[in-house]
Amino acid sequence: MKKVLFAALCLVYLELSMRVVSAPICSYGQAGCHVPSLADLFERVIQQSSRMHSVSSDLHSEFEQYFFPSKNIMGKRKCHTYDILTPQDKENAQRLGREQLTEVIVTLLRAWGEPLSELHQSMSQDQHQDFNIYSSNKALEISDIVHELKDGVKIITDKMRLMGVLSNTVGYNSPESLVPSSAFYTQGDLDSMDHHDLLYCFRRDSNKVKNYLRVLKCTTLPELGC
Amino acid sequence: MMKNVMEVLFLLMLLFTVHAKEKSYNPPEKPALTRCRSPEKETFTCWWEPGSDGGLPTTYALYYRKENSETVYECPDYHTAGENSCFFNKNDTSIWVNYNISVVAANALGRAFSDPVDIDVVYIVKPNPPEKLKVAVMEDKGWPFLRVSWEPPHKADTRSGWITLIYELRVRLEEEDDWEMHLAGQQKMFNIFSLRSGGKYLVEVRCKPDHGFWSEWSSTSYINVPDYFPREKSMWILVAAFSAFIFLILTWLLHMNTHRLKHCILPPVPGPKIKGFDKQLLKNGKSDEFFSALVVPNFPEASPSKYEDMLVVEFFEVKEQELMLEESNDLLDGGLKYESSRSDSDSGRGSCDSHTLLLDKCREAKEERQTNRDGSLIEKQIRQKDRKEEAISPDISSGRVKTWPSLYSPLPQYGSNPLDKQSSLEMAKQHSLSISSFLTQPGTKDALGLSYMDFCLSNKQNHVHPQTQVQTRSNVNISNIGHKHAPAGLHSPTTQYVEVQRVNKEDMVLLQPVLSRCGLIEDCPHLPKGEDYSKVKGVDYDNRLLLQREGTGEDMCSGMDQETNGERGNCYTTSTVSIMQKPTACIYTVMPIQEGMALTLNGYVDTANMGNLPSC
């Protein structure tokens, strides 16, 4: 009996002493872990956005070659992100300030999450198998990148807020426009909007995101030598 | 009157119309928009190409519509960018907006609309070339390199991050035509290595936005690279010294191994490998010494046996060229060789052709050959013997005494032999016979009888081939005969009698010592031990070789030596003579031994003198 007790005590003691302590997430600079700097974060995010844009650009041009041998004129349809106000030139973009710019970026990214996944699904089911085998992979890639970018930009904004670089100001877009992406895009819209238009719209929006991110980086961290 | 005026007017109008038509004024042709470019993504310009103006002054107007708007605007600036262009300034330029642009040409006669063009400014960016290109020569541990630096075009705002440019530069020597391209990425500085000393270089750079067009090449920058030849020279000196060193080492190695190399490249010719063979003695010309040297003491090896059946072997060699029975230079070969022109002795021969081959092996081969030959009589006889002797041979071969390899020379076809086939056959038959020594078992009377050399060396032909020669040579001397003249240096302590055991297919006479037999049977008290040689007395009419003891010239045979047919009293004594008879001669025993006939100097049978023998 005594032995059993002793053994039990030993086990408890060992368990307590050897408990694995999980390391905290290093977003706030705890000791003992490498925190990526803002420059690194920006670098990463800009790379991602660049990749996103180039893939979407490829996809769009492939689409055009395959389905529309002649140069296609954009139809009368609007992109579903038409309502999102975005700066259309440099002055406007610079005048916007970091906070609003960040907000615009995030809004754009959020608006595209769902349509892209739908696009991917639609493409994999399409009867144009020759084209869609490779393009559905690209659509999937785009979808993933957009998702990652969303998280990345969020991390950056958090960090900037932490650094005091970012302040809470009035959003550029009216609060009404900051509704979830589903407002811009309802399920089933894909039928009305064909793949080509969607790709056209996304190509442009990804370019916007890329550009805004660069502007954000260069205004926030000018010493990096933009 | 009125009619006339009307007619005149009509005619005038007609004329005017005709006149007008001759000049062919037309409405303008459709113009075409060639391109639109933006240098910094803030403004852009469009150019068009006018068509034919139709002979009338034509005006061009550019109209555009923005995306999702029905308002048509006209180009704000036709002049800034030059002829047939439209410049959109910053206020009029919206990025990420689709412009629908078209040009209209109008003259007095009509208007023409160009095809509309859709553009998005962000995709038509072609920047200006980079500016302030600077090239300098710098040194890196004694080796020079070029440091190229530049600045982005001043209009492109890269500082705010609005536009991102990547750069590319190209370099070439003044005298060359091919450019060396280098992609520099987003950096504004680049190092070029691997320069030619003393060369003059040209450098240019250009840029491009992420998605857009390459700019034009910037203005060329020239740079002179100074000489750094001395450093190169020292390197060559080092290389030369090193290679000289290597060369010396190789030479030394080669010198050390010349001997081995010589063996590799020019392998030495193998010399004769005969025990006791001495070239020097040969050169000296003293054959006695030479031959005595060849004789190996204690050869053949004999196991101690109480029967003292040391083998004494004498055998004849047929030589084509001479008729002498003496040892000749043939023996220089030191071996059991033919003197046939074709035979080359041991080397290269097949097993059955070899001199030193055990008899039994070649039995089958000989059989084959026998079939081709004449002398079926002989064959029959021999075969008979063989059959009879088969009982004996196994016993004998198991004797204690070492058997000599039976020598025989089937004398392969003398291809070039002028003789006809039959004579060559005879020649073939005349071969050196080796004697296998073996211990004879006490045999039956039949065995004894069969041991006689029943041998007919004759063939159908009669003539004696003048060119054949029977040579004898003794390896071991069993008698004084051997001592005197055995070229091979016969010397044996004991002598023995040998009798023919059997004759094999190839007319090889197998002799066996008789003495042992005698001893066993105790039937021949007469035969002295190891003293007498048998000489060929002759060949009887039955083609049997009769041997007699030396010197006596008479029969001295004992009872046991009598031949089976018993028709004559000739003795077949043990003899160590193995005879190679020339093909044509038949030796008969009817003749008494005469000196001239039977004996040469050495006491050997001279078959050449037996020409008077009747043919078989």
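About the cut-offs
- Residues numbered from 1 in each chain as written.
- Chains lettered and ligands numbered in written order.
- Predicted model: local features only at pLDDT ≥ 70, side-chain atom pairs only at ≥ 80, totals over all residues.
- Heavy atoms only, no water.
- UniProt positions renumbered as here; feature names shortened; annotations may be inferred.
- Helix = DSSP H or I, 4+ residues; strand = E, 2+ residues; numbered from the N terminus.
- Pairing = 2+ DSSP bridges.
- Axes fitted to C-alpha atoms, helices over the stretch in contact; angles between N-to-C directions.
- Phe/Tyr/Trp six-rings, centres within 6.5 Å; stacked < 30°, edge-to-face > 60°.
- Buried < 20%, exposed > 50% of the residue type's maximum accessible area, 1.4 Å probe, protein only.
- Contact = heavy atoms within 4.5 Å.
- Buried area = accessible area lost by both parts, 1.4 Å probe.
- Salt bridge = Lys/Arg side-chain N within 4 Å of Asp/Glu carboxyl O.
- Polar contact = N/O pair within 3.5 Å; in protein donor to acceptor, adjacent residues only side chain to side chain.
- Nonpolar A, V, L, I, M, F, W, Y, C, P; charged D, E, K, R; others polar.
- Patch = residues over 30% accessible without salt bridge, like charges linked within 9 Å, V, L, I, M, F, W, Y side chains within 5 Å.
- Areas by Shrake-Rupley, 256 points an atom, 1.4 Å probe, with all protein chains shown as cover.

Turning our attention to the UniProt feature "transmembrane region" (unreviewed entry) in chain B. Sites flagged by UniProt as "transmembrane region" (unreviewed entry) map to residues 235-254 of chain B. The span residues 235-254 of chain B is 100% helix and 0% strand, and its two end C-alpha atoms sit 29 Å from each other.

What follows concerns the sheet that holds strand S15 (residues 221-224) of chain B. Residue and element names in this part refer to chain B. With antiparallel pairing, 4 strands are arranged side by side in an open sheet as S12-S11-S14-S15. Because the sheet does not close on itself, it has two edges, and the strands there are strand S12 (180-185) and S15. Neighbour-to-neighbour, the strand axes of this sheet turn through a mean angle of 25°, independent of strand direction. Bridging between strand S11 (residues 165-173) and S12 involves 5 bridges; their strand directions are antiparallel. Bridge assignment links Arg-170 to a residue of S12, and that residue is Met-181.

As a further point, take the packing of aromatic side chains. All names here are of chain B. According to the stated counting rule, one finds 13 aromatic pairs over all chains in the structure shown. Taking 6.0 Å as the distance between ring centres and 70° as the angle between the ring planes, the aromatic pair formed by Phe-88 and Tyr-99 counts as edge-to-face. With Phe-88 in strand S5 (residues 85-88) and Tyr-99 in strand S6 (residues 98-107), this residue pair connects regions lying 11 residues apart in the sequence. Residue classification places Tyr-99 among the buried residues on the basis of a relative accessible area of 0%. Here the aromatic cluster, defined as three or more aromatic residues joined through ring pairs, consists of Phe-44, Tyr-64, Tyr-73, Phe-88 and Tyr-99.

In a beta sheet, neighbouring strands pair by backbone hydrogen bonds and run either parallel or antiparallel. Residue and element names in this part refer to chain B. Strand order across the open sheet formed by 3 strands is S1-S2-S5, with antiparallel pairing between neighbours. The two strands at the open ends of the sheet, each matched to only one other strand, are strand S1 (32-37) and S5. With direction set aside, neighbouring strand axes in the sheet form an average angle of 15°. Sheet analysis places S1 next to strand S2 (residues 44-49), joined by 5 bridges and oriented antiparallel. Residue pairing across strands places Arg-35 opposite Trp-47, the latter belonging to S2.

Between chain A and chain B, the contact holds 28 residues from the first and 28 residues from the second. In this assembly, chain A packs against chain B so that about 2400 Å² is buried in total across both faces, 43% of it on carbon and sulfur atoms. When the buried area of chain A at its contact with chain B is split by residue, Gln-88, Lys-90 and Arg-204 of chain A rank highest and sum to 24% of it. Here chain A and chain B share 5 salt bridges between them. For the salt bridge of Asp-157 of chain B with Lys-90 of chain A, the shortest nitrogen-to-oxygen distance reads 2.6 Å. For the pair chain A and chain B, the number of links is 9 residue pairs in polar contact (both at pLDDT 80 or more). Those elements that place two or more of their residues in the side of chain A that touches chain B are helix H2 (38-67), helix H3 (90-96) and helix H8 (195-220) of chain A. Of the residues belonging to the side of chain A that touches chain B, the class tally is 10 nonpolar, 6 polar and 12 charged.

Turning next to a nonpolar patch on the surface. Residue and element names in this part refer to chain B. The grouping of Phe-242, Phe-245, Ile-246, Ile-249, Leu-250, Trp-252, Leu-253 and Met-256 at the surface amounts to a nonpolar patch, some 830 Å² of accessible area in total. Looking at where Ile-246 falls in the secondary structure, it is placed in helix H2 (residues 229-256). The class of Ile-246 is partly exposed, set by a relative accessible area of 37%.

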